[in-house]
Amino acid sequence: MNTTTRQQAWQPKDYAANARFVSDLAGAVLEWLDPKQGEHILDLGCGDGALTVKLMEIGAHIVGVDASDKFIEAAKGRGVDARLMNGEALQFEREFDAVFSNAALHWMSNPGAVLDGVERALKPGGRFVAEFGGFGNVAAIATALRAVAERRDGDVSLTAPWFFPSPEEYSTLLNARGFEVDRIGLYPRQTPLKTGMGPWLKTFRTPFFEQFGDEDDAAVQEVVDLLKPALCDAHDNWMADYVRLRVEAHLV
Ligand code: BEZ
């Protein structure tokens, strides 16, 4: 059994083909953010910048950070002030009116360190608005990955390395850092996968499948076969069993 820790490596082209829905479905969290012209906003985990440019169009001053150099390159290509930075070690001091994050925080395994940096980055009274995977997110997919890891004597720790907290758990982390939570909730959202489950699995769980070498496609197919009865309809439309956690909080 291989127990090496491997990082998810992003390929902007694959992401655009198989995960564009991530930025396309961000309407609700943008409404919660309600960005204003002239505000200084940090986009934490800006990815390829597709959503960041929407904030820029409103007239806000945006800085985007991401830990993927490929994503930073893509975001810069869209004109974003994008900086390579680990979200668990943010390097800002009282600079922003708001910190915003969409679909990124579940990749950061030390949420306390993330929120310490968010607190430091905000001006007094600043707000934090985020959406990411919440408790129960992709539960069926994670279970199928675990089953295939066990079947193939693979590394079970590579199945679901994500942080999917409950509202209670996340509120506790926020309160401990001087935030007051204005609203927080879990939002189940069946998410259509236009390119199917196989491409989603390869895009979002690359290190899991890489461990099987030449058998990677066979392992993908096994996961797909396990999930088909639960997540694919009679017309071959695939859905991912997403549950989002959305939160708005401010510094008191
Ligand atoms: C999500 O955006 O919910 C998600 C991202 C990566 C893996 C699983 C879920």
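Residues numbered from 1 in each chain as written. Predicted model: local features only at pLDDT ≥ 70, side-chain atom pairs only at ≥ 80, totals over all residues. Heavy atoms only, no water.

Peer 1: It is not clear to me how the sheet that holds strand 3 (residues 81-84) should be interpreted in this structure. Could you clarify?
Peer 2: With mixed pairing, 7 strands are arranged side by side in an open sheet as 3-2-1-4-5-7-6. Both edges of this open sheet fall to strand 3 and strand 6 (179-193), since each of them pairs with a single strand only. Taking the axes of each pair of neighbouring strands and ignoring which way they run, one obtains an average angle of 15° across the sheet. Sitting on the sheet, helix 9 (residues 197-204) touches strand 6 and strand 7 (238-251), and the angle it makes with strand 7 is about 45°. (Pairing = 2+ DSSP bridges. Helix = DSSP H or I, 4+ residues; strand = E, 2+ residues; numbered from the N terminus. Axes fitted to C-alpha atoms, helices over the stretch in contact; angles between N-to-C directions. Contact = heavy atoms within 4.5 Å.)

Peer 1: Explanation requested: the site of the ligand in the structure shown.
Peer 2: Around the ligand, a shell composed of His-106, Trp-107, Asn-137, Val-138, Trp-162, Phe-164, Trp-200, Phe-204, Tyr-242 and Arg-244 is seen. Contacts to the ligand include Asn-137, whose side-chain N or O atom sits 2.8 Å from an oxygen atom. Residue Arg-244 places a side-chain N or O atom 2.4 Å away from an oxygen atom belonging to the ligand. In isolation the ligand offers 250 Å² of accessible surface; the protein chains occlude 99% of this area. Listed by contribution, the elements that provide at least two residues to the shell around the ligand are helix 9 and strand 7. In the shell around the ligand, the residues fall into 7 nonpolar, 2 polar and 1 charged. (Near = heavy atom within 4 Å. Polar contact = N/O pair within 3.5 Å; in protein donor to acceptor, adjacent residues only side chain to side chain. Areas by Shrake-Rupley, 256 points an atom, 1.4 Å probe, with all protein chains shown as cover. Nonpolar A, V, L, I, M, F, W, Y, C, P; charged D, E, K, R; others polar.)

Peer 1: Help me out: how do you make sense of the packing of helix 7 (residues 139-151) against helix 11 (residues 216-231) in this one?
Peer 2: When two helices pack together, their arrangement is given by the angle between their axes and by how far apart the axes lie. With their axes 9 Å apart at the nearest point, helix 7 and helix 11 run at an angle of 140° to one another. Judged by the angle between their axes, helix 7 and helix 11 are oblique. By crossing handedness, the relation of helix 7 to helix 11 is classed as right-handed. Between helix 7, through Ala-140, Ile-141, Ala-144, Leu-145, Ala-147, Val-148 and Arg-151, and helix 11, the contact on the second element is made entirely by Ala-219, Glu-222, Val-223, Leu-226, Leu-227 and Leu-231. Looking at the contact of helix 7 with helix 11 residue by residue, the class counts come to 11 nonpolar, no polar and 2 charged. (Parallel < 35°, antiparallel > 145°, perpendicular 65-115°, else oblique. Left-handed = near helix turned anticlockwise from the far one by under 90°.)

Peer 1: What's the story with the nonpolar core in this structure? I'm lost.
Peer 2: Burial of nonpolar side chains together is a common tendency in soluble globular proteins. Judged by nonpolar contacts, the single largest core of 29 residues is most densely connected at Ile-141, Met-197, Trp-200 and Leu-201. Looking at this core, the elements with two or more residues in it are helix 7, helix 9, helix 10 (206-210), helix 11 and strand 7. Top contributing element to this core by residue count: helix 11, with 6 residues. In this structure, Leu-44, Val-63, Phe-96 and Leu-245 belong to the second largest nonpolar core, which totals 28 residues. (Core = buried A, V, L, I, M, F, W, Y, C linked by side-chain atoms within 4.5 Å. Buried < 20%, exposed > 50% of the residue type's maximum accessible area, 1.4 Å probe, protein only.)

Peer 1: Help me understand unusual backbone geometry, please; the structure alone is not making it clear to me.
Peer 2: What is expected of a backbone is that most residues other than glycine have negative phi and most peptide bonds are trans. Backbone geometry at Ala-103 places phi at a positive 55°, although glycine is not the residue there. Within the element layout of this structure, Ala-103 appears in the loop between strand 4 (96-102) and helix 6 (111-121). Take Ala-103: its relative accessible area is 13%, and that puts it in the buried class.

Peer 1: How should the pattern of salt bridges be read in this particular structure?
Peer 2: Side chains bearing opposite charge may pair, as long as their charged atoms lie close to each other. Using the criterion set out here, one finds 16 salt bridges in the structure. A salt bridge links Glu-222 to Arg-152; the shortest N-O distance between them is 2.9 Å. Linking Glu-222 in helix 11 with Arg-152 in the loop between helix 7 and helix 8 (167-175), this pair joins segments that are 70 residues apart in sequence. Given a relative accessible area of 23%, Arg-152 falls into the partly exposed group. In the salt-bridge network here, residues are joined through shared partners; they are Glu-131, Arg-189, Arg-244 and Arg-246. (Salt bridge = Lys/Arg side-chain N within 4 Å of Asp/Glu carboxyl O.)

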